[in-house]
Amino acid sequence: MDNPVKKVVFRGGGFAPVTRRWVGFIVFLVLLLAVEWGTRTGVISPLTLPKPSDVLQTFAELYSSGLLFQHLLPSLSRLAVGAALGASLGIGVGLLMGLFSFIRAGLVPLVAAIFPIPKIALLPLFVIWFGIDEGSKYALIAFGTFTPTVVATYAAVDNVDRTLIRMGQSFGLSWLSIVRKIVLPGAMPGILAGLRISLAIAIILLVAAEMLGAEYGIGAYILEAGSLYDLERLFAGVVILSVLGVLVSAVIGAIEKRVLNWRS
Amino acid sequence: MELRLRGVGHSYGARAVLRGIDIDIPAGQIVCIVGPSGCGKSTLLRMMGGLEEPDLGEVLQVGQAPEDCLNPLTYIFQDFALLPWRTVAGNVSLVLEDHGVKGADARAMIEDVLKRTRLSDFADALPRQLSGGMKQRVAIARALVVNPAVMLMDEPLSALDSQTRELLMDDLISLWTRTPFTAVYVTHNLAEAVRLGHRIVVLSRRPGEVREVVTLEKPLEARAYGDADLEVQQKHLWELMRAEAAAADAELIGG
Ligand SMILES: Nc1ncnc2c1ncn2[C@@H]1O[C@H](COP(=O)(O)OP(=O)(O)O)[C@@H](O)[C@H]1O
Ligand SMILES: [Mg+2]
């Protein structure tokens, strides 16, 4: 009797992340080209979307007139100061909550209560508290980055391998050493992942912060263009924010690569 | 330095885990503790190292730890407990830093201990680059560098495959024959117990009580894989444990 011989069918493919570098870029390009084609042929009416090439031209004008940096620099400094304040406070408070059960018990409900508040709604309040100038803008961005950073940090501290802490204690390491050499590095992946989200929120809040009392700034620029229905300028501003987002995420990616090179 | 356990008993809530444990850990010997899983071996070891307090009885330290001993009671864990963000040398240095050993002194001590554990070529490797057996050797190096008076090992070889386990047992034996150390070695593997133990304490199932203490006279360096007389001892231990293990296995978890 002849038994039929058959190759075993492969069925183990997919479900594994593979880096494909240029796919994201190509999707982006195809979308842009489609919009350009649509607006040129009239399939997309000029009231719906501006022509990408017009947006590019607006951007070039913005650059050559020197206005780009006049808007960009104040925004960047607001972003830097506000996010640095919010993130460092957030990491500090998150660590305390992760390390001390009393502080955690006291603050978890408070954080849960302030997390869902749309911070934009508090802008008038911040104007009263911190002044219409830079103060209120820093405060809004800082407050917005603070809560997600706190939550990410104390969750990251919780996730530190307890056996490593036990190990530290069993070798007689001091409390401070355990925090500095075991808890902090162990929580670093979670903290950085949290920062990714917090900094994106900071960029979102930048526009809100510049709603009141800002002559210059990317947010102010976008809001002004929006109120005039100047879609080219609106989109030029939006593109700047997107690029900012991509840059921030790239910076965090680079930090992760350096600081977390022990993972992989 | 010796350890002496007197009437140690412990419960977690309503669950009695250990009862009336009397054990002596004489200096310069390896005492193996065997028993069915869940009988309280790890708990007992945590108490010996001061990571947990017994409800009843006491754990006594007899005599002074030697002068150059940085951490008298030192653990080796089953899952290695290496910091993944530190290199091999960095993991060893971690436990020196807090005892004020720094600079050239620390470097010399680390170099020496890595040589003794045959890890010199891997000083700059990260844990993720090492095999399980190598990781455990790093953990052994980290324990040796503080000159412990008593080493407390909780199933140090259980996460390794059987070939690696044999190799590491040989390593431990040669480390001990060069400089005898005091150790408590918890295991559920009877072959490890008869290879490494000068004395083997057999615990009953939970609540753990001492069933029997077996003393092996044959010197460590004379014992080898598959020795007939060790097989006999191992068989005797297995007969002691068999009923206990079967009963422990049939218990409901969390019951
Ligand atoms: N921290 C703890 N809280 C509650 N129960 C525990 C704790 N640690 C261990 N136990 C229980 O005590 C018993 C003995 O545990 P353990 O000492 O780990 O046993 P072994 O190491 O011999 O397997 C087990 O039933 C376990 O569930
Ligand atoms: Mg155990």
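See the structure above.
The rules behind each value
- Residues numbered from 1 in each chain as written.
- Chains lettered and ligands numbered in written order.
- Predicted model: local features only at pLDDT ≥ 70, side-chain atom pairs only at ≥ 80, totals over all residues.
- Heavy atoms only, no water.
- Buried < 20%, exposed > 50% of the residue type's maximum accessible area, 1.4 Å probe, protein only.
- Helix = DSSP H or I, 4+ residues; strand = E, 2+ residues; numbered from the N terminus.
- Right-handed = clockwise from strand over helix to strand, strands pointing away.
- Contact = heavy atoms within 4.5 Å.
- Buried area = accessible area lost by both parts, 1.4 Å probe.
- Salt bridge = Lys/Arg side-chain N within 4 Å of Asp/Glu carboxyl O.
- Polar contact = N/O pair within 3.5 Å; in protein donor to acceptor, adjacent residues only side chain to side chain.
- Nonpolar A, V, L, I, M, F, W, Y, C, P; charged D, E, K, R; others polar.
- Near = heavy atom within 4 Å.
- Areas by Shrake-Rupley, 256 points an atom, 1.4 Å probe, with all protein chains shown as cover.
- Expected span 1.5 Å × (residues − 1).
- Arc of directions from axis to C-beta.

1. Things to note about the pairing of strand 7 (residues 182-187) of chain B
Residue and element names in this part refer to chain B. Taking burial as the measure, the six residues of strand 7 include six buried ones, the bulk of the element. Burial along strand 7 is two-sided: T182, V184 and V186 facing one way and A183, Y185 and T187 facing the other are all buried. The parallel pair strand 6 (residues 150-154) and strand 7 is bridged by helix 5 (residues 162-178), and the resulting crossover is right-handed.

2. Some details on the interface of chain B and chain A
Across the contact, 24 residues belong to chain B and 19 residues belong to chain A. Interface of chain B and chain A: buried area, both sides summed, is about 1900 Å²; carbon and sulfur atoms make up 64% of it. Considering only the surface of chain B that becomes buried against chain A, W85, D98 and R128 of chain B emerge as the three largest contributors, covering 33% of it. Counting the contacts that link chain B with chain A gives two salt bridges. Note that D98 of chain B and K181 of chain A form a salt bridge whose closest N and O atoms lie 3.3 Å from each other. On inspection of chain B and its partner chain A, the count reaches ten residue pairs in polar contact (both at pLDDT 80 or more). Mapped by element, the contributors of at least two residues to the side of chain B that touches chain A are strand 5 (73-76), helix 2 (88-97) and helix 4 (132-145) of chain B. Looking at the side of chain B that touches chain A residue by residue, the class counts come to 14 nonpolar, three polar and seven charged.

3. Here we look at the site of ligand 1
All names here are of chain B. Lining the immediate surroundings of ligand 1 are Y12, R15, V17, S37, G38, C39, G40, K41, S42, T43, R46 and R206. Here an oxygen atom of ligand 1 sits 2.9 Å away from a polar atom, N or O, in the side chain of R15. In the model, a nitrogen atom of ligand 1 is placed 3.5 Å from a nitrogen or oxygen of the R46 side chain. Isolated, ligand 1 exposes 560 Å² of accessible area, and the fraction of that covered by the protein chains is 63%. Among the secondary structure elements, those contributing two or more residues to the shell around ligand 1 are strand 2 (15-25) and helix 1 (41-48). Ranked by residue count, the leading element in the shell around ligand 1 is helix 1, at four residues. Its residues assigned to classes, the shell around ligand 1 shows three nonpolar, five polar and four charged.

4. Here we look at helix 2 (residues 52-64) of chain A
Residues and elements named next belong to chain A. Compared with the 18 Å implied by 1.5 Å per residue over 13 residues, the 18 Å span of helix 2 between its first and last C-alpha is a close match. Turning to helix 2, its buried residues are P52, V55, T58 and L62. The buried residues of helix 2 occupy one face: seen down the axis, they fall within an arc of 115°. Exposed side of helix 2, more than 90 degrees from the buried face: L56 and S64 are the residues found there. Of the surrounding elements, those touching the buried residues of helix 2 are helix 1 (23-41), helix 3 (67-99), helix 9 (218-227) and helix 10 (231-259). Directly after helix 2, the chain includes G66, whose backbone phi takes a positive value near 85°.

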